[in-house]
Amino acid sequence: MTADTISKTKTASPSSAAGVRRDRAGAPKVGFVSLGCPKALVDSERIITKLRSEGYQVAGDYAGADVVVVNTCGFLDSAKAESLDAIGEALTENGRVIVTGCMGVEAARIRDVHPDVLAVTGPHQYEEVVSAVHDAVPPLHDPYVDLVPPEGLHLTPRHYAYLKISEGCNNRCSFCIIPSLRGDLVSRPANQVMAEAERLVNAGVKELLIISQDTSAYGLDIKYAESAWKGAPLKARFLDLATALGELGAWVRLHYVYPYPHVDEVIPLMAEGKILPYLDIPFQHASPRVLKAMRRPAHQEKTAARIAAWRKVCPDLALRSTFIVGFPGETDEDFDLLLQWLTEAKINRAGCFKYEPVEGAAANALPGAVPDEVKEERWHRFMQSQQAVSRALLAEKVGRTTPVLIDEVDDEGAIGRSQWDAPEIDGSVFLNGETGAKPGDIVKVRIVESDETDLWGVTA
């Protein structure tokens, strides 16, 4: 998300004394700017839910907020720059700013640039953020005002929600500093995950997007411990959790899945329609030499053959992935191998990043830095190759009838997503002239046209 997509929560005015009873119109108001990945968005939702339960309200703009919380991203240097810019904008527009999130671990750097911020906290430090808001703007204390819906408050549309199943990561990829920001893997008990998922579905959520730093490692840290769910034991294990989530009646989409061997076990669930035929796997590269330098776990030289085996079980399987070009030591041969693999593996959706030497990453010490102009050239070649793959795969959908989840409706028609597309990062299905649907509806659509990113269809 970017600073342009701010959602805001209103908090009490600074002049209001703690303990003074105010009506809802005088409730404190907090603004929120949530940057970075869906995992950070879930952190923002948890903070908002806690504040809302205490009587705070959500402000829709800087002017309406008594204090602004900026949830930062610190994964790449470019993301840190965006975070610093967002903090500066909030200070300019509002003046009272609390900083949290991944870049919060660099408090000194933030204060060097923006010394007037009220407080700085790190990632998933919910209590510290709420405490900072309390210090800035005292909460209302009214049990009749301080109520929230049981599913919590969310920054996504009502019909889909992100469900975080764990924090942190045990991997030590050489280009990544996430473990130093968010720590090692900490899995939630399975029954807690399921209870949250059920509350969301009961509240009208049609799609659950499962997220973490390493989704397929879920439960490893707690030895796949059992917990009671619906009168039976449920293991904190990737397959068991996916199976249980598939019984709730909502779309279940798996993100951030490392291709460990046991991922093979969930493919039959997709073939049976229990969960969506979609895997978000951050492959990052295809050259064994580059993957070794990246310290990527679970990647094998015959990954393309494994993908082909998955598609034999589930022909509708769509793969979304991310890749890095220009990694230190990447040769022309390595890059050509990546392009060949991309075509062979038929990745449906792919994002590509030019390598950045993130401060604190082990990869910075590797020899063979790739010049920026070479990174740029490789990025363009990658995107051209991927667009050709995506165009061919989407053309195969023309003539098919498929369920589509509607996201938006206006006077010109409806925009939705197929089972092969996650919100914001993948493509859309355009239904020109279809104005009778509502956001959250799942409608059957016959696909009539495609390009390299999107589909067009008519209701069947």
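Residues numbered from 1 in each chain as written. Predicted model: local features only at pLDDT ≥ 70, side-chain atom pairs only at ≥ 80, totals over all residues. Heavy atoms only, no water.

Participant: How would you summarise the pattern of salt bridges if you had to cite specific residues and measurements?
Facilitator: By the definition in use, this model includes 29 salt bridges. In this structure, Lys375 and Asp372 form a salt bridge, with 3.8 Å as the shortest nitrogen-oxygen distance. You can see Lys375 and its partner Asp372 sitting in helix H12 (residues 372–395), three residues apart, about one turn around the helix. Exposure remark for Asp372: the relative accessible area of 58% places this residue in the exposed category. Residues participating in the shared-partner salt-bridge network are Asp43, Arg46, Lys164 and Glu167. (Salt bridge = Lys/Arg side-chain N within 4 Å of Asp/Glu carboxyl O. Helix = DSSP H or I, 4+ residues; strand = E, 2+ residues; numbered from the N terminus. Buried < 20%, exposed > 50% of the residue type's maximum accessible area, 1.4 Å probe, protein only.)

Participant: Go over the packing of aromatic side chains, please, and point to the residues and values.
Facilitator: For any pair of aromatic rings, the description consists of the separation of the ring centres together with the inter-plane angle of the planes. Overall, the coordinates contain eight aromatic pairs when judged by the stated rule. Both rings, one in Phe430 and one in Trp456, keep their centres 5.4 Å apart while their planes meet at 25°; by these two values the pair is stacked. With Phe430 in strand S19 (residues 429–432) and Trp456 in strand S21 (residues 455–459), this residue pair connects regions lying 26 residues apart in the sequence. On the basis of relative accessible area, Phe430 is assigned to the partly exposed category, the value being 24%. By the ring-pair criterion, three or more aromatic residues cluster together here, those being Phe283, Phe323, Trp341 and Phe382. (Phe/Tyr/Trp six-rings, centres within 6.5 Å; stacked < 30°, edge-to-face > 60°.)

Participant: Before we move on, could you go through the packing of helix H11 (residues 332–345) against H12 and cite the residues and values that matter?
Facilitator: Each packed pair of helices is defined by two parameters, the angle between the axes and the distance between the axes. Relative orientation of the contacting elements H11 and H12 amounts to 15°, with a least axis distance of 9 Å. For the element pair H11 / H12, the angle class is roughly parallel. Remark: the crossing between H11 and H12 carries right-handed chirality. Residue-level inspection shows Asp332, Phe335, Asp336, Leu338, Leu339, Leu342 and Thr343 of H11 in contact with H12, the latter providing Arg378, Arg381, Phe382, Ser385, Gln386 and Val389. (Axes fitted to C-alpha atoms, helices over the stretch in contact; angles between N-to-C directions. Parallel < 35°, antiparallel > 145°, perpendicular 65-115°, else oblique. Left-handed = near helix turned anticlockwise from the far one by under 90°. Contact = heavy atoms within 4.5 Å.)

Participant: Tell me about the environment of Glu196, and name the residues and values.
Facilitator: Secondary-structure assignment places Glu196 in helix H6 (residues 190–202). Here the alpha-carbon distance between Glu196 and Lys164, two residues 32 residues apart in the chain, equals 9.7 Å. At a separation of 2.7 Å, a polar atom in the side chain of Glu196 contacts the side chain of Arg188. (Polar contact = N/O pair within 3.5 Å; in protein donor to acceptor, adjacent residues only side chain to side chain.)

Participant: How would you explain the nonpolar core if you had to name every residue and give the values?
Facilitator: Grouped together as the largest cluster of nonpolar side chains are 55 residues, with contacts concentrated most on Leu279, Ile347 and Phe382. Formed by 18 residues, the second largest nonpolar core is a distinct cluster that contains Ala86, Ala90, Val99 and Met103. (Core = buried A, V, L, I, M, F, W, Y, C linked by side-chain atoms within 4.5 Å.)

Participant: Describe helix H2 (residues 77–93), with residues and values.
Facilitator: Between the first and last C-alpha of H2 there are 24 Å, a value that for 17 residues agrees with the 24 Å anticipated at 1.5 Å per step. Taken as a whole, H2 has its buried residues at Ala79, Lys80, Ser83, Leu84, Ala86, Ile87, Gly88, Ala90 and Leu91. On its buried face, H2 is in contact with strand S2 (29–34), strand S4 (67–72), strand S5 (97–101) and helix H3 (107–113). Of the residues one or two after H2, Gly95 is the one with positive phi, at around 100°. (Expected span 1.5 Å × (residues − 1).)

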